[in-house]
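Summary of the model geometry
Each chain is listed here by its residues.
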Amino acid sequence: MRVGKHHFRTIWLDELDPRIVQIIDQRNLPHEFNIEDLRTVDDMVTAIKDMHVRGAGLIGAAAGYGMYLAALHSGSFKSPYNHLLDAADLLTASRPTAVNLSWAINRQLKTLTHHHSYEQIVQSTKTMAQTIADEDARACFQIGQHGLPLIRDLSLLKTGAVVNILTHCNAGWLAFVDHGSATAPIYAAHDAHIKIHVWVDETRPRNQGARLTAWELEQHGVPYTVITDNAGGHLMQNGLVDLVIVGTDRTTYTGDVANKTGTYLKALAAHDNQVPFYVALPGSSFDWETADGVNDIPIEQRAGEEVKFIQGLSHQGLTSVLLTPSESPAINYAFDVTPARLVTGLITERGLCHADEESILALFPEGRA
Ligand code: MRU
């Protein structure tokens, strides 16, 4: 994706030293663009936990590269393979909701056994990490192609007037390796010269919408407006939203959608106002084992400090300020679950489907296994 005049992915191997994984550190965007070097699996665990990298697809890719970093340092252990199993546990525990994390780790482990040598383990994890990253970027591009007709049809219906799309959080290229999920159809529509405008929910408490989605859209030249999280209902009631597209950190094979907290309220408002509500996701974000998303998807609870403080740019540089009384209790549920009945459809790399078991498994028959 574009940053100024350059094309970037969110994660890659250092060209000069492939023992180093490089990432865009997202913590201080959009005010600071920093590239960080990661050398060990512990570096990667910290990067995921503390959200230097974030978003379902990117967390999966990061876990894949984390296993490669663990492999590189496994030579001094009696059993390199056992060291990898320990690394897998560490990475799995780093964030609970995005299913791409365990999906990527399992893909890494499936290709290896106790019998593999150090060299084989390094080569195999490196190849698999790169495959996971490449597949993620490709899937997101395809999501864009499959989502484009939805926006084109709305544009035709409005005889070419601007199509207003609302999105929540950041399911853009920063949340994946490239292109993004929710943003991929938006970029495709913009590139196809369809007139669009995006309502960007700020997405408290970490403001991934205001900081990241806004920045991405600006880099790509897509018209957008940042709104407070609670403004969406009003906009929908007043006919100012034609379509909602969000991403997901985990979607059950029955169509329940876990996404950044506040998504459920948007889906309720969309339902009440007959606004189509779509969820864009690669196959790697399906949970093939969980049927009841509302009760069984683990919802990450993060530090209450994220609610109490807000970060922004002041004359002194990047600053964090306290919003609440200093002793105020705060609770921070990072995700919520939108039941399938509120979802108009899913946009995947294999095409569109309904948010139900039959349609999902028709597109992804391997999910039955
Ligand atoms: O906590 P984050 O930033 O890792 O949350 C992930 C998200 O950005 C959103 O929930 C997103 O909409 C889905 S991830 C593609």
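Below you will find a few notes about this structure. (Residues numbered from 1 in each chain as written. Predicted model: local features only at pLDDT ≥ 70, side-chain atom pairs only at ≥ 80, totals over all residues. Heavy atoms only, no water.)

Once that is clear, we can look at the site of the ligand. Around the ligand, 15 residues are found, and the nearest of them are Arg54, Arg95, Asp249, Asn259 and Lys260. Contact between the ligand and Gln208: an oxygen atom at 2.8 Å from a side-chain N or O atom of the residue. When the free accessible area of the ligand is taken as 400 Å², the share hidden by the protein chains comes to 100%. Each residue belonging to the shell around the ligand can be placed in one class, and the counts come to 6 nonpolar, 5 polar and 4 charged. Counting contributing residues, the shell around the ligand receives three or more from each of domain 1 (2–135) and domain 2 (145–368). (Near = heavy atom within 4 Å. Polar contact = N/O pair within 3.5 Å; in protein donor to acceptor, adjacent residues only side chain to side chain. Areas by Shrake-Rupley, 256 points an atom, 1.4 Å probe, with all protein chains shown as cover. Nonpolar A, V, L, I, M, F, W, Y, C, P; charged D, E, K, R; others polar. Domains from an automatic or database assignment.)

Okay, the pattern of salt bridges next. Enumeration over the complete set of coordinates arrives at 13 salt bridges. Note that Arg9 and Asp134 form a salt bridge whose closest N and O atoms lie 2.8 Å from each other. Within this pair, whereas Arg9 is found in the loop between strand S2 (6–7) and strand S3 (11–13), its partner Asp134 is found in helix H5 (residues 118–157), the two being separated by 125 residues in sequence. In this structure, Glu306 and Arg206 form a salt bridge, with 2.7 Å as the shortest nitrogen-oxygen distance. Of this pair, Glu306 sits in helix H11 (residues 305–308) while Arg206 is found in the loop between strand S7 (196–201) and helix H7 (208–220), placing the two residues 100 residues apart along the sequence. What makes Glu306 buried here is its relative accessible area of 15%. Through salt bridges with shared partners, a single ionic network connects Arg95, Arg206, Glu300, Arg302 and Glu306. (Salt bridge = Lys/Arg side-chain N within 4 Å of Asp/Glu carboxyl O. Helix = DSSP H or I, 4+ residues; strand = E, 2+ residues; numbered from the N terminus. Buried < 20%, exposed > 50% of the residue type's maximum accessible area, 1.4 Å probe, protein only.)

We now examine the nonpolar core. Ranked by internal contacts, the top residues of the largest apolar core, which has 43 residues, are Ile11, Val21, Met44 and Tyr65. At the level of secondary structure, the elements contributing two or more residues to this core comprise S3, strand S4 (21–25), helix H1 (41–49), helix H2 (56–72), helix H3 (80–92), helix H4 (100–110) and H5. The leading source of residues in this core is H2, at 13 residues. Setting aside its immediate chain neighbours within four residues, Tyr65 contacts Ile11, Leu13, Val21, Met44, Ala129, Gln130 and Ala133. (Core = buried A, V, L, I, M, F, W, Y, C linked by side-chain atoms within 4.5 Å. Contact = heavy atoms within 4.5 Å.)

There is a patch of nonpolar side chains on the surface, built from Ile299, Ile331 and Tyr333 and spanning about 280 Å² of accessible area. On the secondary structure map, Ile299 appears in the loop between helix H10 (293–296) and strand S14 (301–302). (Patch = residues over 30% accessible without salt bridge, like charges linked within 9 Å, V, L, I, M, F, W, Y side chains within 5 Å.)

Along S4, 5 of the 5 residues are buried, which leaves the element largely enclosed by surrounding structure. Burial along S4 is two-sided: Val21, Ile23 and Asp25 facing one way and Gln22 and Ile24 facing the other are all buried. As judged from the 3 bridges shared by S3 and S4, these two strands associate in the antiparallel manner. In the strand pairing of S4, Trp12 is matched with Gln22. In this sheet, strand S5 (residues 34–38) lies alongside S4 in antiparallel orientation, the contact comprising 5 bridges. Paired with Ile23 across the two strands is Glu36, which belongs to S5. (Pairing = 2+ DSSP bridges.)

Each pair of packed helices gets described by two things: the angle between the helix axes and the distance between those axes. In contact at an axis separation of 8 Å, H1 and H2 are set at 165° when each is read in the N-to-C sense. Considering the angle they form, H1 stands roughly antiparallel to H2. For the element pair H1 and H2, the recorded crossing hand is left-handed. Contacts between H1 and H2 pair Val41, Met44 and Ile48 from the former with Ile59, Ala62, Ala63, Tyr65, Gly66, Leu69 and Ala70 from the latter. Here the residues of the contact of H1 with H2 sort into 9 nonpolar, 1 polar and no charged. (Axes fitted to C-alpha atoms, helices over the stretch in contact; angles between N-to-C directions. Parallel < 35°, antiparallel > 145°, perpendicular 65-115°, else oblique. Left-handed = near helix turned anticlockwise from the far one by under 90°.)

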